Amino acid sequence: MELSLRHIEQSNFLINGAFIRGTDPAEWLRELDRYEVSYEHISCYVVPKGLDSVSPAGLFVMFHEKPKCRRETVKFPYRCVGEKLFIPLHSTLFPETSTDELKQLILFDVMVFHPSIGLIGYEQQDRKTVDDLITLEPPMETRCLDVPDVKPVFLPLNRIHVEEPPPEQLIESLKEDVGTKSIDDLKEKERSGLEKLKDDISLAGLKGLKNLTEGIGKLGAGSKAGSGGAGGDSGGGSGKEEEGLMDKFSKWMDNKIEDLEKKRESELKRLLDMFDKNSDEALQYAIPLGSNYFNRGEAPPSAKLTRNDTSFNLGKLGGGDKVDGWDLSKFYNDLRTKYIKAAQTEIENENYKKAAYIYAHLLNDFHSAADVLKRGKMYREAATVYKDHLNNKGAAAECLESGGLYNEAIDLYIELNRNEKVGDLYVLLERSDNANIYYEKCVENALTAQDYIEAARLQEEKKKEHERATATLLEGWENSSNREACLTKYFDKLQKDEADLVAHINNVYNNKTPSSKRSSFLNVLAGIADKKENEEMRAATKEMAYSLVGEQVMKGNSSALYKLKSFVPDDRFLPSDFNRYLSSAKEITKYNQPVSEIKLPEGTNWIKVINIRDEFLAFGYKGRQICFARGNWNGYVEHSAMTDELFYLQDVVTDTFFTHRVFVCSKRNTSHAKKLFDVTREFSHHIIVEFPNWIPESSMGAVITGRDRITFLCRDDRTVSLHNYSFSGSLINIVDCRFSSETASEFVFSSIELELLYRREFIFFKCADLLFRIDETGLVQDFYAGAVINKLELQDHHAALRFMASTEFGCLLYRADSQDIKANSHYFGEGGQKLVMIKHIPDNKFLTVELRKITVFDIQNDQPEPICVVETDVDIIDVLRVKRNSFATLSNQGKLFIHEITS
């Protein structure tokens, strides 16, 4: 059985012992003196620092009688469990253990469970008295303690678990710092008894009573009318009298309801004024705009509470209808603005707990609350919010890890299949055997995905299996499509010994490099030569390079000639010799001419490809794995995968004008992960693909709006707002949007997902037949397009602010200035659902993309003219630019076809 300790806040157990920290017996005696207990009624046991150490970490004292001092005087109190086992006073054993089970587990006369040192066992001869401590020899001449030769036997403590507070308790704890009061406390203190009675009658109660009286009046009127009709008019006058009384009472009720509503409106106005004068005081009276825990009256405050059926209904008598909340419909936006401003002020003042209270309790924004708690280093609280309120176990695990709560973080990472992270935390806990189990799982996943570089990294860095990592890289050269990168890293590992490296190069060249791999081997060899300043290294590989270059040139690969420069760097005439040779050999392919077709690795469902300057990055699925293919337009492709967890490629957000970061913003991704692509000989850009788990739940779309800012357009029940985050996931601010028309806001509110575009400090998007533009202050402008818009595409940052929209009637070209957006063209091209996408490429060209057909339009003069049509035999999945007059299509067969634009 594996026992662990769990923390408990309250403990009414008797104190049976105490732990005194330190190595000096004089300190122990001074601490013992504070306990006010007779030395004859205590037993002392020296506590070692660890399993392999006899050095003291402190002294454990067992009380045979109750200490006379106050409980708080004992710094580290212990209690006795099962007669012989001592555990910290504010802890309990987990799992629960009966007395009989403990007797079987306790093998010594006394056992002490220390939270960090572990379970320590003592025999009778290990017992010390105060006299033993006093009679010790001076420290310089002998060891300070007469520790027995037999080492104390103890079981290491592997886990300490602190009970998480329930969500309600957490939110209440956030509330304590603010001292929230009821809005009724805003009323005047001096009121008569009658006024108090009137004010205590709730709005729902008054409306319910009014409904009841109206119903009774209708019943009474109907009864009298029936009597009169049966045979007499004796009750007619009485019926009119009762009906008049009910009518008067109903009018009186109307006045009371109106009066109470006015009072509540007055109080809300006072609350708004309070925020301008004293924000701290105003927060004490603030009303939640929506919350899962703090309701006022029978129902949470909502504008819907003012729209209730006033007809008589027995089911609604006695407050059955939820109508006792404050009607905040007139004040919602103003209160929200005040709350957001107050939260930003608290963040600036580093009052993170109070800011979290505002977000969670007042704004019902648990995502922002968790973010500020994390920034305030309240990691456990942030983890609770992420896990219990946002169902984001990945973010919760990261918070627990940041707070040093490794065991709890491990539990969540195991659920999320984050095996490498589990291994890393086990290493921090000095449990290497457990760590290696999870590292090996990562290695197996990487090898299954044929990601030999990742497998070798794990073997080298995590498992310290250097020879195995070297063998894996060599296997990657033989079996992987990423062979050049594998061989480069293989030689890098062996480069410490020049002579040994040359031997390995010769071995790989002679035994593991067939003719189909000679070109790749030459590329790797040139890279090694570029890094080395040792002439012996170049001399040893020069003849091999000459042979490889000659072989490649004979096959028509003229670019191989330029690799010789790496082996004879001092020959200034070599480039001109190459050029003369190439100009005379017309049959040889021109240097660095882009290929017309690039095949991505097989076995993967490639679904998207993006430009990263003069490179491309493709995304796809292989089973449950996310796969990447990074390539250039000379045909060089490397592939890799993420093997730990299933991620989703729903919204890939990037903008190379600002950054080489790529964000995959799917709300279904619960773990935060990164994929790094380094600068290499073939690739000149460092790329980071990030899977953030801090995306707001209410997000409808995301766009990069700066060099360290990503913006989410979010929507709650009443408000659309911009949530600006740094690339690290920290909330910068929240800006509420202001619409110019009610119709436009209704269109946006009815949307689920929106594709956002950013140019010239504006965010653009389309919705139904409207174009929208939002500035950084939240001002929203809408422009009528004349038809429902299906696709929207903007020109790049360096060109004029123009964009094209495809509609049901065809495409339109728009120009935008600081005031307006106008269509400058007639309808052109195909329209409706026939278009798969539209795409802008440099030199004022737009593409309309159908399933197997692309039409290129020149838009230089604002009147688009078709200049060429490209038809394919396979379905088109995605399109991206190559160079000024060319573009590439990704087919459903996993191939990139490069097309030249011909006028």
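Look a little higher up for the structure.
Presented here is a report on the structure given in the accompanying data block. (Residues numbered from 1 in each chain as written. Predicted model: local features only at pLDDT ≥ 70, side-chain atom pairs only at ≥ 80, totals over all residues. Heavy atoms only, no water.)

1. Things to note about the overall build of the protein chain
- In terms of helices and strands, the protein chain carries 24 helices and 40 strands.
- Counting over 903 residues, the protein chain shows a buried share of 50%.
- Considering only contacts in the protein chain between residues 6 or more positions apart, those separated by 24 or more positions represent 56%.
- Carbon and sulfur atoms form 47% of the exposed surface of the protein chain, whose accessible area is close to 44,500 Å². (Helix = DSSP H or I, 4+ residues; strand = E, 2+ residues; numbered from the N terminus. Buried < 20%, exposed > 50% of the residue type's maximum accessible area, 1.4 Å probe, protein only. Contact = heavy atoms within 4.5 Å. Areas by Shrake-Rupley, 256 points an atom, 1.4 Å probe, with all protein chains shown as cover.)

2. Describing the packing of aromatic side chains
- This model, assessed by the stated rule, comprises 27 aromatic pairs.
- For the ring pair Trp694 and Phe712, a centre distance of 6.2 Å and an interplane angle of 90° mean the geometry is edge-to-face. Highlighted residues: Trp694 in the loop between strand S20 (687-691) and strand S21 (699-706) and Phe712 in strand S22 (residues 709-715), separated in sequence by 18 residues. As far as burial versus exposure is concerned, Trp694 and Phe712 are alike and both buried.
- On the basis of an interplanar angle of 5° and a centroid distance of 4.9 Å, the ring pair of Phe765 and Phe772 is categorised as stacked.
- The exposure class assigned to Phe772 is buried, which follows from its relative accessible area of 1%. (Phe/Tyr/Trp six-rings, centres within 6.5 Å; stacked < 30°, edge-to-face > 60°.)

3. Observations concerning the pairing of strand S30 (residues 789-794)
- The buried fraction of S30 amounts to five of the six residues, a majority that puts the element mostly inside the structure.
- By the bridge criterion, five bridges tie S30 to strand S31 (residues 802-807) in an arrangement that is antiparallel. Of the residues in S31, the one forming a bridge with Lys791 is Ser806. (Pairing = 2+ DSSP bridges.)

4. Describing the packing of helix H17 (residues 452-462) against helix H19 (residues 483-493)
- Where H17 meets H19, the closest approach of the two axes is 9 Å, and the angle between their N-to-C directions is 25°. Between H17 and H19, the interaxial angle falls into the category roughly parallel. Between H17 and H19, the residues in contact are Tyr452, Ile453 and Glu460 and Ala485, Cys486, Lys489 and Lys493, respectively.
- Taken together, the residues of the contact of H17 with H19 sort by class into four nonpolar, no polar and three charged. (Axes fitted to C-alpha atoms, helices over the stretch in contact; angles between N-to-C directions. Parallel < 35°, antiparallel > 145°, perpendicular 65-115°, else oblique. Nonpolar A, V, L, I, M, F, W, Y, C, P; charged D, E, K, R; others polar.)

5. So, helix H1 (residues 25-34)
- Three or more residues of H1 are buried, namely Pro25, Trp28, Glu31 and Leu32. Each buried residue of H1 sits inside an arc of 120° when the element is viewed along its axis, so together they form one side. In H1, those exposed residues whose orientation departs by more than 90 degrees from the buried face are Arg30 and Asp33.
- Close packing links the buried residues of H1 with strand S2 (17-21), strand S3 (42-48), strand S4 (56-63) and helix H3 (130-134).
- Here H1 starts with a cap whose side-chain oxygen sits 3.0 Å from the backbone nitrogen of Ala26, and that cap is Asp24.
- Looking at the residues trailing H1, positive phi occurs at Glu36, about 55°. (Arc of directions from axis to C-beta. Polar contact = N/O pair within 3.5 Å; in protein donor to acceptor, adjacent residues only side chain to side chain.)

6. Description of unusual backbone geometry
- With a phi angle near 60°, Ala768 is a residue other than glycine that sits in the positive phi range.
- Locating Ala768 in the fold gives a position in the loop between strand S27 (762-767) and strand S28 (770-774).
- Given the relative accessible area of 28%, Ala768 is considered partly exposed.
- Despite not being glycine, Asn844 shows a phi value in the positive range, around 55°.

7. Focus: the pairing of strand S34 (residues 837-841)
- For S34, a buried count of four out of five residues is recorded, marking the element as mostly surrounded by other parts of the structure.
- As paired strands, S34 and strand S35 (residues 845-849) are joined by five bridges and run antiparallel to one another. Within S35, the position partnered with Ile841 by the bridge is Lys845.
- Connecting the antiparallel pair S34 and S35 is a turn made up of three residues, with Asp843 showing a positive phi of about 65°.

8. Some thoughts on the sheet that holds strand S16 (residues 637-642)
- The strand order S13-S14-S15-S16 describes an open sheet built from four strands, whose pairing is antiparallel. Where the open sheet ends on each side, the last strands, each with one partner, are strand S13 (605-612) and S16. Neighbour-to-neighbour, the strand axes of this sheet turn through a mean angle of 20°, independent of strand direction.
- Of the strand pairs in this sheet, S13 and strand S14 (residues 615-622) are connected by seven bridges, and their pairing is antiparallel. Note on S14: the bridge partner recorded for Ile610 is Leu617.

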